[in-house]
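Fold and geometry: a report
Residue-level listing of the chains:
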Amino acid sequence: MSESYIQKLFADRIGGEKFGKDTTIYKFEKIKRAKRAAIDANPEMEMIDMGVGEPDWMADPSVVETLAKEAAKPENRWYTDNGLPEFKEAAVKYMADIFGITGLDASTQVNHSIGSKPALAMMPSGFINPGDVTLMTVPGYPVMGTHTEFLGGEAYNMPLKKENGFLPNLDEVPLEVLSRAKLLCLNYPNNPTGAIATTTFYDKVVRFAKDNNLVVIQDAAYAALVYGAEPTSFLKVDGALDVGVEIHSLSKAYNMTGWRLAFVVGNPLIVSAFANVKDNNDSGQFAAIQKAGIKALETPAITKRTVAKYERRLKLMVDMLRGAGFDAEMPGGTFYLYLPSPKGIKDGERFVTGEEASQFLIKEKLISTVPWDNVGNFLRFSATFEAKDEQEETCVLSMMGQRLKEVNFEF
Ligand SMILES: Cc1ncc(COP(=O)(O)O)c(C=O)c1O
């Protein structure tokens, strides 16, 4: 068949005429393929999946019930545009109850979003002209950088290093880049490193933003999932409301990934730019989902139970991984452990990258992780693996420990 003229019409931002012809196999596809091959080759062995970035639990029954009830009401069938006022009010109350931030105005300082991913994707449209820069952190969730580039802007990557507590060194951004920068994208608690931000760092961010005329977008997708400390918010820091917003999501805190519900909160000018762009992109999340979201936000016990589960699992994972020689430490937040990947096997195979170590673990030990090779070589283990109760959790983890100990890793 001759090539369709459509092939010549693709925009440069997705590869132009070469779109769809790139034969590079990307990280997540490599993992998927390796998993399939390993399962086929070892039908008697169970795959232990530590690669998943989504909660294993479903949403709380009380939230599901609210959805069912509200979905049946005719008044909930309309477009919701920029969101229900009562969802905004619930978000304001949540910010006060969980993070101690009072005095937010629901009508000007909050806007809902169909998940935090679209909010991150839309934010550059409110600020980025060609040539403008978004400061991003790597490793990280790249969505805001990608959309900055889609608009003809540039993403500048700041490395997250272990020796800095996985916080970016803002002083290292070159002045030329800084002079063109408009957005600073942060994500704490951080995926994939599990790091949490300190108040000192956030104070510095506010000063840095004011000194350099930057808008701060703090992606708080994991804000409620912290261990051994109270959840914190960037907006709690003096001056934060002058420079930024936070994006909160119900995906991880309330086990509602597929439901798609989040909110942007903070500086009214940034919220209004977001609301404008969003209004030109979608017509709002289903009212019944927003009403179920209110039920979730009003029930912090759901998050408490979820946090207790991840904390228990992460502690067991740390012990098990340390037992197998990994340099594992309890993270400050999220449900991830981010560890230096093994360099090889004593008197055996070498792993030049985390990806090679991850492929080995999938193929030889049926343990799936996510490798990160942007800044050093690391593996991410997620506490969202499938296990229906504590007994099953212990079982999965002792099986994994056994499999890891059979290998004499070198670090
Ligand atoms: C750092 C980070 N931000 C945002 C998201 C997107 O979450 P949501 O489900 O709210 O779109 C994720 C999802 O994995 C994430 O890891």
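Data block above holds the structure.
Residues numbered from 1 in each chain as written. Predicted model: local features only at pLDDT ≥ 70, side-chain atom pairs only at ≥ 80, totals over all residues. Heavy atoms only, no water.

Looking now at the site of the ligand. Close to the ligand lie 13 residues; Ser116, Asp219, Ser251, Lys252 and Arg260 are nearest. At 2.7 Å, a side-chain N or O of Ser249 approaches an oxygen atom of the ligand. Side-chain polar atom of Lys252 to an oxygen atom of the ligand: 2.7 Å apart, as the coordinates give it. Surface burial for the ligand is 92%, taken as the share of its 400 Å² of free accessible area covered by protein chains. Because more than half of its atoms lie within 2 Å of the grid, the ligand is assigned to the largest pocket. For the shell around the ligand, the secondary-structure elements that each account for two or more residues are helix H5 (116-127) and helix H10 (250-253). Here the residues of the shell around the ligand sort into 3 nonpolar, 6 polar and 4 charged. (Near = heavy atom within 4 Å. Polar contact = N/O pair within 3.5 Å; in protein donor to acceptor, adjacent residues only side chain to side chain. Areas by Shrake-Rupley, 256 points an atom, 1.4 Å probe, with all protein chains shown as cover. 1 Å grid on protein atoms, 1.4 Å probe; cavity = no way out; pocket = protein on both sides within 12 Å on 5 of 7 lines; lining within 4 Å. Sits in = over half its atoms within 2 Å of the grid points. Helix = DSSP H or I, 4+ residues; strand = E, 2+ residues; numbered from the N terminus. Nonpolar A, V, L, I, M, F, W, Y, C, P; charged D, E, K, R; others polar.)

Okay, helix H13 (residues 300-323) next. Across its 24 residues, H13 extends 35 Å between first and last C-alpha, which sits within 8% of the 34 Å expected from 1.5 Å per residue. What H13 keeps buried is the set Ile302, Thr303, Thr306, Val307, Lys309, Tyr310, Arg313, Leu314, Met317, Val318, Met320 and Leu321. Buried residues belonging to H13 abut helix H2 (61-71), H10, helix H12 (287-297), strand S9 (336-340), strand S13 (378-382) and helix H15 (390-405). Gly325 occupies a position one or two residues after H13 and carries a positive phi of about 100°. (Expected span 1.5 Å × (residues − 1). Buried < 20%, exposed > 50% of the residue type's maximum accessible area, 1.4 Å probe, protein only. Contact = heavy atoms within 4.5 Å.)

The volume enclosed by the largest pocket comes to roughly 1200 Å³. Forming the boundary of the largest pocket are 42 residues, of which Phe28, Lys117, Tyr141, Asn191 and Arg380 lie nearest the centre. Contributing elements (two or more residues each) for the lining of the largest pocket: helix H1 (27-41), H5, helix H6 (143-150), H10 and strand S12 (370-372). At 5 residues, the largest contribution of residues to the lining of the largest pocket is made by H1. For the lining of the largest pocket, the class distribution of residues is 14 nonpolar, 16 polar and 12 charged. Each of domain 1 (24-53 + 302-410) and domain 2 (61-298) accounts for three or more of the residues forming the lining of the largest pocket. (Points joined across faces, edges and corners; volume = space filled by probe spheres on them. Domains from an automatic or database assignment.)

The residue Gln218 is located in strand S6 (residues 215-220) in this model. Here the side chain of Gln218 touches Tyr188 through a polar contact of 2.7 Å, landing on its backbone oxygen. If near-sequence neighbours (up to four positions away) are discounted, Gln218 is found in contact with Leu186, Asn187, Tyr188, Tyr202, Phe234, Val245, Glu246 and Ile247.

Strand order in the open sheet formed by 7 strands is S2-S8-S7-S6-S5-S3-S4, and the pairing between neighbours is mixed. Edge positions in the open sheet fall to strand S2 (110-113) and strand S4 (154-159), since each of these has one partner strand only. The average undirected angle you get between the axes of adjacent strands in this sheet is 25°. Contacts between H5 and the sheet are confined to S2, strand S5 (181-186), S6, strand S7 (244-249) and strand S8 (262-266), with S7 contributing the most and set at about 155° to the helix. Each of strand S3 (133-138), S5 and S6 is contacted by helix H8 (residues 199-212), which is oriented at about 165° to S5, the strand it contacts most. (Pairing = 2+ DSSP bridges. Axes fitted to C-alpha atoms, helices over the stretch in contact; angles between N-to-C directions.)

That's the geometry; what it means functionally is another story.
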